[in-house]
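Structure assessment
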Amino acid sequence: MEKTLAKDIGFWVMLGIGLAVMFIGPMVWGLFEIMQITQYVVLSVYALSLAYIWGFGGILSFGQAAFFGLGAYTFAVASINIGETTVPFALSFLLPAAFGAALGYFMFYGRLSDVYLGVVTMVVTLIFWKLINHTAGPEYSIGAARLGGFNGIPSIPILNVPGDAKAWLDPAQMFQAFMGILIIVYLCLRLIIASDFGRVSVGIRENETRASLLGYDIRRHKVIIFAIGSGIAGMSGAMWATYQTFIDPNAFSMEMSAKALVWVMAGGVGTLAGPILAVILLQWLSLKLGTMHILNNYFILGAILMGLVLLLPRGLLPSLRLLAERLWHLGRQKMDASAASRKATSDV
Amino acid sequence: MSDAHILTTEKLVMQFGGVTAVDNVDFSLKEGELRCLLGPNGAGKSTFFKCLTGQLTPTSGTIKLRGADITGWNTHDIVNLGVGIKTQVPNLFNGISVYENIRMAARRKHLKPMAKEKAEQMMEKCGVSHLARREVGLLAHGQRQLVELAMVLAEEPPLVLLDEPAAGMTGDERDRLADLVLETARSAAVIVVEHDMAFIRRIAKFVTVFNRGAIFREAMIDEILSDRAVQEIYLGKQADVAA
């Protein structure tokens, strides 16, 4: 009766596609494609951070960029000071996760309603953005790392092999490492969602009152969910920083938060694969539209998104799934009907 | 039934602005007792339940569960101490299956394999096994009532609160429910809020009547049904029909 992860075809399909892309991609793509797809991979990890907390915990955060930026700056500052990237990478998960837990504690134990939660997360992002924009002077340094204000931090170290600070990854290796991280994040989230903790999280998303009437401490659950999402967003920020070897306050921008919301909404809230699909489609579309110079990129993207929300309110993946199910049933009905007519003919 | 009290409230008051929904209620329930709460709409029965389960913090007064003062406690702490409630409007996890709903309740008390077994037992007991894979949000009201009841019973609480459990049920479902309530009352204390007099007569012995937030009468069911004052405030012709 219980559908375990091992029996979920979708999970294995996603894992298979991920591994195939990871190993075959660098053999068939040129440098430009690899760089481009690496960007999609980083943003997919970022999208997963919101896909998890919104889709499987019912927490709608308008400020996921706060954790993305925090992770990016944590990585930048730590890697410049330490001179290697393994510990900074771990810190880029841990620090945003700790900050997310602290913020979540005040929000959820303070019993903030959804609307106020959205406002608080948005305001926190704006505070970070404003704060980091005002750190241009030389006095704003952490060790050897100058925060640089609106100019950002340049020359962020490229990811190195753990334990060997001189062994930097080339673009193809970085792509494979990031694909590995995306697969691990996806796998971990699927395992969490399939666990008892994950089931309760879905229960909380569905009905908080009933979850607490069953004896579950929904505040504690939500803090943990929010912290996990914050850590993942922070880690994607570090991936972004090392991929670009540069980070600026735009990492904390409202645009960055809004993008995550758009990807999750377009891909399908309550799915993990959907937002990844949306990142790839919409980022690819942005790139193509940007090179065409016909109309403003944002204008066309906005129109596409409005169309998606109006025509496919469940999102891309759930709509595709529904379509596939209907086609499957239709096919089976036709097969049954033709089998019945064959039988009737042979009886005659 | 033991003489020890599982639940007592002393001078319990719940006010919303100028409205007193629960007014100085002194209520007590013995271990293993089955009690029915009657009263017209707005009498304060559901608000009383919400105070007992921590969904509302009383304005004043105390609530004691097996001697522990639980006034103002968080809902989950009260539930973990041994209170299960089926709410007036079924509170369920609509987007997931019947089985998953009940299993999530069973998991509070049992380890994984036992929780599965317990969930299956409760589905069987409440007659919803055939709906196991159905999404709860798609069920009829009576079926939802049974699913919520199964969830409450899966946690095996020593105090069960049932708020209008028979509402929206078919005759068969109501009969099954009455049997279930009587069976539950053999191992737990049960408080039932209900308006369906045929159902009440089937299960009730001792009855508490609420009116305007306060306890109006406490007596055996037959006495209550023949009490003219009670009939005037609430029962009306239903009493004659039921009798």
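These figures come from a predicted structure and were not determined experimentally.

About the criteria used
Residues numbered from 1 in each chain as written. Chains lettered and ligands numbered in written order. Predicted model: local features only at pLDDT ≥ 70, side-chain atom pairs only at ≥ 80, totals over all residues. Heavy atoms only, no water. Helix = DSSP H or I, 4+ residues; strand = E, 2+ residues; numbered from the N terminus. Rg over C-alpha atoms; globule rule 2.2 N^0.38 Å. Buried < 20%, exposed > 50% of the residue type's maximum accessible area, 1.4 Å probe, protein only. Contact = heavy atoms within 4.5 Å. Areas by Shrake-Rupley, 256 points an atom, 1.4 Å probe, with all protein chains shown as cover. Pairing = 2+ DSSP bridges. Axes fitted to C-alpha atoms, helices over the stretch in contact; angles between N-to-C directions. Salt bridge = Lys/Arg side-chain N within 4 Å of Asp/Glu carboxyl O. UniProt positions renumbered as here; feature names shortened; annotations may be inferred. Buried area = accessible area lost by both parts, 1.4 Å probe. Nonpolar A, V, L, I, M, F, W, Y, C, P; charged D, E, K, R; others polar. Expected span 1.5 Å × (residues − 1). Patch = residues over 30% accessible without salt bridge, like charges linked within 9 Å, V, L, I, M, F, W, Y side chains within 5 Å. Polar contact = N/O pair within 3.5 Å; in protein donor to acceptor, adjacent residues only side chain to side chain. Parallel < 35°, antiparallel > 145°, perpendicular 65-115°, else oblique. Phe/Tyr/Trp six-rings, centres within 6.5 Å; stacked < 30°, edge-to-face > 60°. Lys NZ or Arg CZ within 6 Å of the ring centre and 35° of its normal.

Assigned secondary structure in chain A consists of 13 helices and two strands. In terms of C-alpha radius of gyration, chain A reaches 22 Å, essentially the compact-globule figure of 20 Å for 348 residues. Projected onto its principal axes, the C-alpha coordinates of chain A cover approximately 95 × 55 × 45 Å. Counting all 348 residues of chain A, 49% fall into the buried class. In chain A, once contacts between residues fewer than 6 apart in sequence are set aside, the share between residues at least 24 apart is 77%. Put simply, chain A shows about 16,800 Å² of open surface, and 71% of that area lies on carbon and sulfur atoms.

Moving on, we get to the sheet that holds strand β2 (residues 19–30) of chain B. Residue and element names in this part refer to chain B. A sheet is described by the order of its strands in space; here four strands give the open sequence β2-β1-β4-β5, paired in antiparallel fashion. Sheet topology places β2 and β5 (68–69) at the edges, where each strand pairs with a single neighbour. In this sheet, β2 lies alongside strand β1 (residues 5–16) in antiparallel orientation, the contact comprising eight bridges. Looking at β2, one finds that Phe 16 is bridged to Val 19. Where helix α1 (residues 45–52) meets the sheet, it contacts β1, β2 and β4 (60–65), and its direction lies at approximately 115° from that of β1.

Let us now look at the pattern of salt bridges. By the definition in use, this model includes 20 salt bridges over all chains. Lys222(A) is paired through a salt bridge with Glu208(A); the nearest N and O atoms lie 2.4 Å apart. Separated by 14 residues along the polypeptide, Lys222(A) in helix α9 (residues 218–244) and Glu208(A) in helix α8 (residues 208–213) bring together distant segments of the chain. Judged by relative accessible area, which is 34%, Glu208(A) ranks as partly exposed. One salt bridge connects Arg35(B) with Glu33(B), and the closest N-O pair in it is separated by 2.8 Å. Pair check on accessibility: Arg35(B) and Glu33(B) agree, each one buried. Through salt bridges with shared partners, a single ionic network connects Asp196(A), Arg103(B) and Arg107(B).

Residue and element names in this part refer to chain A. Feature annotation in UniProt assigns "transmembrane region" (unreviewed entry) to the following positions: residues 12–31, 89–108, 115–132, 174–193, 223–241, 261–282 and 294–312. Segment residues 12–31 splits into 90% helix and 0% strand. End C-alpha atoms: 29 Å apart. When the span residues 261–282 is considered, its composition is 77% helix and 0% strand, and the gap between its end C-alpha atoms is 13 Å.

Attention now goes to the interface of chain A and chain B. With 20 residues of chain A in contact, the opposing surface of chain B contributes 32 residues. Around 2,200 Å² of area is buried between chain A and chain B when both sides are counted, 55% of it from carbon and sulfur atoms. Across the chain A-chain B interface, the total number found is four salt bridges. Where the side of chain A that touches chain B is concerned, the elements lending two or more residues are α7 (196–206) and α8 of chain A. Take the side of chain A that touches chain B: its biggest share by element is six residues, from α7(A). Here the residues of the side of chain A that touches chain B sort into seven nonpolar, five polar and eight charged.

All names here are of chain A. Spanning 20 residues, helix α11 (residues 273–292) covers 29 Å between terminal C-alpha atoms, matching the ideal 28 Å at 1.5 Å per step. Inspection of α11 places Ala 273, Gly 274, Pro 275, Ile 276, Ala 278, Val 279, Leu 282, Gln 283, Ser 286 and Leu 289 among the buried residues, and these make up the whole buried set. His 293, located one to two residues past α11, shows a positive phi value of around 55°.

Moving on: a nonpolar patch on the surface. Side chains of Leu112(A), Val115(A), Tyr116(A), Val119(A), Val123(A) and Ile127(A) sit close together on the surface and give an oily, nonpolar patch of about 560 Å² of accessible area. Note on placement: Val115(A) falls in helix α5 (residues 114–133).

With respect to the element layout, Asp196(A) can be found in helix α7. Among the polar contacts made by the side chain of Asp196(A), one reaches the side chain of Arg107(B) at a distance of 2.4 Å. Not counting residues up to four positions away in its chain, the partners in contact with Asp196(A) are Arg103(B), Arg107(B) and Lys112(B).

Below, the discussion takes up the sheet that holds strand β8 (residues 189–193) of chain B. Residues and elements named next belong to chain B. With respect to topology, six strands assemble into an open sheet ordered β6-β7-β8-β3-β9-β10, the strand pairing being mixed. Either end of the sheet is taken by a strand with one partner, and the two such strands are β6 (83–86) and β10 (214–220). Sheet twist, expressed as the average angle between the axes of neighbouring strands with direction ignored, equals 20°. Relative to strand β7 (residues 159–163), β6 runs parallel, the two sharing four bridges. Counterpart to Val 83 in the pairing with β7 is Leu 159. Contacts from α1 reach β3 (34–38), β6, β7, β8 and β9 (206–211) within the one sheet, and its direction differs from that of β7 by about 150°. Packed on one face of the sheet, helix α2 (residues 75–82) meets β6 and β7 and runs near 110° to β6.

It is worth spelling out the packing of α7(A) against α9(A) at this point. Residue and element names in this part refer to chain A. At their nearest, the axes of α7 and α9 sit 10 Å apart, and the two run at 110° to each other. One element, α7, and the other, α9, form an angle in the roughly perpendicular class. Judged by residue contacts, Phe 197, Val 200, Ser 201 and Ile 204 of α7 engage Ile 218, His 221, Lys 222, Ile 224 and Ile 225 from α9. Partitioned by chemical class, the residues of the contact of α7 with α9 number six nonpolar, two polar and one charged.

As a further point, take the packing of aromatic side chains. We describe a pair of aromatic rings using the distance from one ring centre to the other and the angle between the two ring planes. The final tally for this structure, using the stated rule, is 18 aromatic pairs over all chains. Considering the side-chain rings of Tyr105(A) and Tyr109(A), the 4.7 Å spacing of their centres and the 25° angle between planes classify their relative orientation as stacked. Of this pair, Tyr105(A) and Tyr109(A) both sit in helix α4 (residues 86–109), four residues apart, which is roughly one turn of the helix. Chaining the aromatic ring pairs together yields one cluster made of Phe67(A), Tyr73(A), Phe99(A), Phe108(A), Phe128(A), Phe226(A) and Phe252(A). The ring of Tyr216(A) carries the charged tip of Arg108(B) above its face, separated from the ring centre by 4.5 Å.

This part takes up unusual backbone geometry. What you tend to see is this: most non-glycine residues have negative phi, and most peptide bonds are trans. All names here are of chain A. One non-glycine residue, Ser 155, lies in the positive phi region at around 55°. Along the polypeptide, Ser 155 turns up in the loop between β2 (145–146) and α6 (171–194). Given the relative accessible area of 62%, Ser 155 is considered exposed.

Residues and elements named next belong to chain B. Of all the eight residues making up α1, six are buried; the element is thus mostly covered by neighbouring parts of the structure. Of all the residues in α1, the buried ones are Lys 45, Thr 47, Phe 48, Phe 49, Cys 51 and Leu 52. The first or second residue beyond α1 is Gly 54, which carries a positive phi of 80°.

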